[in-house]
Amino acid sequence: MLKLKKIKKSYKTGDFVQHALKGIDLEFRKNEFVAILGPSGSGKTTLLNIIGGLDRYDSGDLIINGKSTKKFKQSDWDAYRNNCIGFIFQSYNLISHISVIENVEMGMTLSGISAKKRHKKAMEVLKKVGLKEHAHKKPNQLSGGQMQRVAIARALANNPDIILADEPTGALDSKTSVQIMELITEIAKDKLVIMVTHNPELANVYANRIVEFRDGELIDDSNPLEDNDKENTYNIKKTAMSYLTALKLSFNNIRTKKGRTLLTAFASSIGIIGIALILSLSNGFKLQIDKFEKDTLSQAPIIISKQSMNMDSMSKMKEDDDLEEYSEKELIHPQKTVENLVHKNIITKEYVETIKSINPELIGGISYQRATNINLLTKIDNKVKQLDSSSIMSPMPSTLDNKEANVMKDNFDIIYGNYTTNKEDLVLLVDSKNRVAESTLKALGLTEKDIDFKDIVGKEFKVILNNDYYKSLGEFYTIETDLEKIYKNENALTLKITGIIRGKKDSDFAKLSGSGLMYNNSLTDYIIEKNNKSDIVNAQKEKNYNILTTELFDESTEEGKEAKEMTLSYLGAETTPVAIQLYPKDFDSKDEVLKVLDNYNEGKKDEDKIQYMDQAKLITTMSGSIMDAITIVLIAFSAISLVVSSIMIGIITYISVLERTKEIGILRALGARKKDITRVFNAETFIIGLASGTIGLIIAKLLTFPANSIIENLTKLENVAKLNPKHGIILLIISILLTVIGGLIPSKVAAKKDPVEALRSE
Ligand code: ADP
Ligand code: MG
């Protein structure tokens, strides 16, 4: 069953070589109780360790069930220890921080036996050694004899074929020794038991074979094996510790030093607290800035109008500041008036095309201001009346088809009815108190104090096209006087109020918008399309005087040209808009929109450039980048403390490795792989990392309350510090990763420990 062939083992310490085993030939039967006798230092323990696979022989061969172990891999040895061998040591070698039954179960735990089966088997062997009642005690609550019984129970638990006992009674009194010997004899009935002892009396009484050692050599064997019984039934199940077992072991160990673990976790959580706080603050400020940006965005569209003031001209004005007051010098300086500083924008067709080419995704709305008159009629008390469209109506930003950003939807609520972007639809905008200018209401024929929504929605107007609205008087044109006739004209377009809207409570843009009727840009597009070809427009183009008022245009001057242009625009000739308002979706979009507008000006002469107004631009670029910079610097500082704490964790883990050397040895003797030992310590650092991350996040969360109240006192901003849950989870993972990395080297050190030496350590 077990055969040693010329086994040699020597130890080198410095230059000195100790030959512990000098070529041992020895064979054991499947079932016998062998006692090994010999003086101290004769190589008995070395022999047991080699038989048990705890130590490697230098030369020779160990044959197990007819199979040579020369080609054994580490994992084979681990499995062999776990399944075939049960160790009993002089100093018991129990793991002190887990209970008796958990100690007994450990070997089975390592070989992956289910908890239920494990428990049953452990109770069985504990009963066998007479310790059923003590199963849930900790080892240090037992006497020496009892502890050795636990060790025996543990050795038996995995039902091994071979029990190796190294001076099992060495630390016990004679009476207890006898009890233990009897127990071992009982076991030896169906196993191979190899017991080292230096008590020849006990050996003589209990063992059925005595082997004697001296100076690493076998000098006597009372019952040597003659026949070669060959059984080739070697088959060992490999061991593997589950992550859960590793976690449980570490958790139990950590529980025995709660204070230290808590302090460690707390200390290393400081980095996490720092970063979490900084992130929640910068996150909060970003949210505030976003909100502010959104507000200003809605308030301040990019405006392109006929005239604009730009920064350059502002700085030109500043030049005058250098001039001396009440000067003695006899010099005169030209004073720049506001008019000099204004830049005249000539909005060309090309420019309008440029704006139309902007990606609609970037824009929440556009509105074009046109000079075109809307020839508007209404019927009040059955009488047709003319309305001055420019005083009661304004265009609303066309919102394109962008679902994400929509200036109208973002800033206004529909409080009654509905509206579409059709040219026929009008909406009535009321202020926060549901008011509309009295003059507007009067023009609509509404004079009551409280007007029902129903009386407004559904109200109709007629837009009359130029050819029906104006009639020719030869050289001049005038408005048709028979309003009843043109009202009924089949070419007239019917407008209808379809909804009532009101600004949202928190929309500053809405507050600035006043009240009145609003129409879609598509209405003016339609009117221009029709009226551009009308008789009056064609006639006006020919004449150098205003065809309605007879006023002359002096086309040799800029003013004269402009006046004619304005008249044509009024009449509906195809002209460019007077002003354009662009509502970018957000600030990133705004940048892109502005890039398009700046591109247009690229390489153009100064007077052909078109300047836009964008007040919000300055504030936001500054605030955003400053926040980012501050955040990065602060996070870098906190990151240093995180690194420091992970180094600290490394040290603590290393200390823990030193403290648990013995436990490492025991686990290895029970068949734990190197990997399992690494796992145990990684589990420990995992627990510490999890704890420190959790503590850090909780403390950071608690600190946001005082932080918020301080910020509120200083800035009137409520609830600024807000930890993004995503950031929290990432920080927790970082904390765990860093501590596990910190403990990686110590846990590798632990795994590398020689099990024999580890067992010998105290
Ligand atoms: P026994 O158990 O019979 O008392 P051991 O097998 O423990 O003897 O030791 C045999 C010899 O080998 C002793 O001389 C001991 O000093 C030496 N020895 C054992 N282990 C080591 C080691 N790890 N390093 C150096 N020498 C060792
Ligand atoms: Mg010894």
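Scroll up a little and you will see the structure.
Everything numeric here is computed off the predicted structure, so don't read it as measured data. (Residues numbered from 1 in each chain as written. Chains lettered and ligands numbered in written order. Predicted model: local features only at pLDDT ≥ 70, side-chain atom pairs only at ≥ 80, totals over all residues. Heavy atoms only, no water.)

(A) View of the overall build of the protein. Within the protein, the regular secondary structure consists of 28 helices and 25 strands. Across its three principal axes, the protein shows a C-alpha extent of roughly 150 × 75 × 50 Å. Residues counted as buried form 49% of the 762 residues belonging to the protein. Counted over contacts in the protein with a minimum sequence separation of 6, partners at least 24 positions apart contribute 80%. For the protein, the exposed area adds up to about 39200 Å²; of that, 54% sits on carbon and sulfur atoms. (Helix = DSSP H or I, 4+ residues; strand = E, 2+ residues; numbered from the N terminus. Buried < 20%, exposed > 50% of the residue type's maximum accessible area, 1.4 Å probe, protein only. Contact = heavy atoms within 4.5 Å. Areas by Shrake-Rupley, 256 points an atom, 1.4 Å probe, with all protein chains shown as cover.)

(B) Seen up close, the pattern of salt bridges. Overall, the coordinates contain 25 salt bridges when judged by the stated rule. For Arg81, the salt bridge is made with Asp78, and the minimal N-O distance between the two is 2.8 Å. Here Arg81 pairs with Asp78, and both are found in helix α2 (residues 74-84), just 3 residues apart, close to one helical turn. The burial state of Arg81 is the same as that of Asp78; both residues are buried. Its salt-bridge partner being Arg370, residue Asp525 comes within 3.9 Å of it at the nearest N-O pair. One end of the pair, Asp525, is in helix α20 (residues 521-531); the other, Arg370, is in the loop between β14 (363-369) and β15 (375-380), and 155 residues separate them in sequence. On the basis of relative accessibility, which here comes to 39%, the residue Asp525 falls in the partly exposed class. With relative accessibility at 21%, the residue Arg370 sits in the partly exposed group. The network of salt bridges with common partners includes Arg29, Glu32, Arg209 and Asp221. (Salt bridge = Lys/Arg side-chain N within 4 Å of Asp/Glu carboxyl O.)

(C) Quick look at the nonpolar core. Leu2, Leu4, Phe28, Leu47, Ile51, Tyr80 and Ile194 are the most contacted members of the largest nonpolar core, which has 54 residues in total. No fewer than three residues from each of domain 1 (2-239) and domain 2 (254-295 + 620-760) sit in this core. Leave out the neighbours within four places in its chain, and Ile51 touches Leu2, Leu4, Phe28, Leu62, Tyr80, Ile85, Leu164 and Ile194. Judged by nonpolar contacts, the second largest core, of 41 residues, contains Val129, Ile180, Met195 and Tyr206. (Core = buried A, V, L, I, M, F, W, Y, C linked by side-chain atoms within 4.5 Å. Domains from an automatic or database assignment.)

(D) Seen up close, a negative patch on the surface. A cluster of acidic side chains, namely Glu558, Glu559, Glu562 and Glu565, defines a negative patch on the protein surface. Here Glu558 is to be found in helix α22 (residues 558-571). When its relative accessible area of 56% is taken as the criterion, Glu558 is described as exposed. (Patch = residues over 30% accessible without salt bridge, like charges linked within 9 Å, V, L, I, M, F, W, Y side chains within 5 Å. Lys, Arg positive; Asp, Glu negative; His and termini not counted. Charge placed at Lys NZ, Arg CZ, Asp CG, Glu CD.)

(E) Main features of helix α3 (residues 100-110). For α3, the buried fraction is high: 10 of the 11 residues fall into the buried class. Residues of α3 that are buried: Val100, Ile101, Asn103, Val104, Glu105, Met106, Gly107, Met108, Thr109 and Leu110. If you follow the buried residues of α3, they end up packed against α2, α4 (115-128), α5 (144-157), α8 (243-255), α25 (661-669) and α26 (674-715). Just downstream of α3 lies Gly112, where phi reads positive at about 75°.

(F) Geometry of the pairing of strand β2 (residues 16-28). As defined by bridge partners, strand β1 (residues 2-13) adjoins β2 across 10 bridges and the pair is classed as antiparallel. Note that in β2 the partner of Leu4 across the bridge is Leu26. In textbook terms, the turn of a hairpin is the stretch between consecutive antiparallel strands, and for β1 and β2 this stretch comprises 2 residues, one of which, Gly14, has a positive phi near 65°. (Pairing = 2+ DSSP bridges.)

(G) Region of interest: empty space enclosed by the protein. Applying the stated criterion to the full structure yields 4 cavities of 30 Å³ or more. Roughly 140 Å³ of volume is contained in the largest cavity. In terms of lining, the largest cavity is formed by 16 residues, of which the most central are Ile85, Gly86, Arg154, Ala155 and Leu670. Within the residue set of the lining of the largest cavity, elements represented by two or more residues are α2, β6 (85-88), α3, α5 and α25. Residues that form the lining of the largest cavity fall into these classes: 10 nonpolar, 4 polar and 2 charged. Counting only domains with at least three residues in the lining of the largest cavity, you end up with domain 1 (2-239) and domain 2 (254-295 + 620-760). (1 Å grid on protein atoms, 1.4 Å probe; cavity = no way out; pocket = protein on both sides within 12 Å on 5 of 7 lines; lining within 4 Å. Points joined across faces, edges and corners; volume = space filled by probe spheres on them. Nonpolar A, V, L, I, M, F, W, Y, C, P; charged D, E, K, R; others polar.)

(H) Inspection of the sheet that holds β1 at higher detail. Pairing within the open sheet is antiparallel, and its 4 strands lie in the order β2-β1-β4-β5. Looking at which strands have only one partner, the edges of the open sheet turn out to be β2 and β5 (67-68). Where strand β4 (residues 59-64) meets β5, 2 bridges bridge the pair, whose relative direction is antiparallel. Paired with Ile63 across the bridge in β5 is Ser68.

(I) Structural detail: unusual backbone geometry. Despite not being glycine, Asp381 shows a phi value in the positive range, around 50°. In this structure, Asp381 sits in the loop between β15 and β16 (383-388). The exposed category is assigned to Asp381, whose relative accessible area is 73%. Even without glycine at this site, Thr550 takes up a positive phi of about 70°.

(J) Up close: the site of ligand 1. Within the structure, ligand 1 sits among Tyr11, Gln18, Ala20, Pro39, Ser40, Gly41, Ser42, Gly43, Lys44, Thr45, Thr46 and Arg760. Residue Gly41 places a main-chain N or O atom 2.7 Å away from an oxygen atom belonging to ligand 1. A distance of 3.2 Å separates an oxygen atom of ligand 1 from a polar atom in the backbone of Ser42. Relative to its unbound accessible surface of 560 Å², ligand 1 loses 74% to contact with the protein. Listed by contribution, the elements that provide at least two residues to the shell around ligand 1 are β2 and α1 (44-51). (Near = heavy atom within 4 Å. Polar contact = N/O pair within 3.5 Å; in protein donor to acceptor, adjacent residues only side chain to side chain.)

(K) Representation of the sheet that holds strand β11 (residues 302-304) within the structure. Strand order in this open sheet of 3 strands is β11-β25-β14, and the pairing throughout is antiparallel. Only two strands of the sheet have a single neighbouring strand rather than two, namely β11 and β14. Each neighbouring strand pair of the sheet contributes to a mean axis angle of 10°, computed without reference to strand direction. As judged from the 6 bridges shared by β14 and strand β25 (residues 579-584), these two strands associate in the antiparallel manner. Of the residues in β25, the one forming a bridge with Gln369 is Ala579. Each of β11, β14 and β25 is contacted by helix α12 (residues 349-356), which is oriented at about 160° to β14, the strand it contacts most. (Axes fitted to C-alpha atoms, helices over the stretch in contact; angles between N-to-C directions.)

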